[in-house]
Amino acid sequence: MKGIGQPPVNYFSCSIKPWMLVAALLVVFLILISTEPVSAQCAMCRASVETNANNGNTRTAAGLNKGILYLMAMPYMIFAFLGYMWYSKSRKNKLVQDELRERKISNSRGRES
């Protein structure tokens, strides 16, 4: 753990070179344009849901939709958690910097007297 007199470490700052950013954006773009249209479910799931819907059982379709929503929500929850951790870390660093600034000001005033 760093001492009070040392500046806080910024773990989230990084130096990304422009060519790395362009390369990453190019890869993302190529991945997005190379996808082919797909149905919402795999063939087995779709056939099972259609069969159950034709027989009057809509609970299977509702269960499948809830499962899809659950799987879709997980990445958002992970990003929200990481965002909260980043926010709390940056807020803590700001408080430490403010405290150090106040100590420097009070020390400089004490020396002038």
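Cut-offs and rules
Residues numbered from 1 in each chain as written. Predicted model: local features only at pLDDT ≥ 70, side-chain atom pairs only at ≥ 80, totals over all residues. Heavy atoms only, no water. Helix = DSSP H or I, 4+ residues; strand = E, 2+ residues; numbered from the N terminus. Buried < 20%, exposed > 50% of the residue type's maximum accessible area, 1.4 Å probe, protein only. Areas by Shrake-Rupley, 256 points an atom, 1.4 Å probe, with all protein chains shown as cover. Patch = residues over 30% accessible without salt bridge, like charges linked within 9 Å, V, L, I, M, F, W, Y side chains within 5 Å. Salt bridge = Lys/Arg side-chain N within 4 Å of Asp/Glu carboxyl O.

Notes on the overall build of the protein
And step 1. Scanning the protein from terminus to terminus reveals 3 helices and 0 strands.
And step 2. Secondary structure elements of the protein occur, N-terminal to C-terminal, as α-α-α.
And step 3. Among the 113 residues that make up the protein, the fraction classed as buried is 4%.
And step 4. Approximately 10,500 Å² of the protein is accessible, and the part contributed by carbon and sulfur atoms is 65%.

A short note on a nonpolar patch on the surface
And step 1. Judged by side-chain polarity, Leu26, Val28, Phe29, Leu30, Leu32 and Ile33 come together as a nonpolar surface patch covering roughly 600 Å² of accessible area.
And step 2. Of note, valine 28 is situated in helix 1 (residues 18-33).

Some thoughts on the pattern of salt bridges
And step 1. Inspection of every chain in the model, using the stated rule, returns 3 salt bridges.
And step 2. Taking the shortest distance from any N to any O, the salt bridge between aspartate 98 and lysine 94 comes out at 3.2 Å. Of this pair, aspartate 98 and lysine 94 both sit in helix 3 (residues 59-112), 4 residues apart, roughly one helical turn.
And step 3. On the basis of relative accessible area, aspartate 98 is assigned to the partly exposed category, the value being 21%.
And step 4. Residue aspartate 98 is joined to arginine 101 by a salt bridge in which the shortest nitrogen-to-oxygen separation is 2.9 Å. Residue aspartate 98 and its partner arginine 101 are both found in helix 3; the two are separated by 3 residues, about one turn of the helix.
And step 5. Residues participating in the shared-partner salt-bridge network are Lys94, Asp98 and Arg101.

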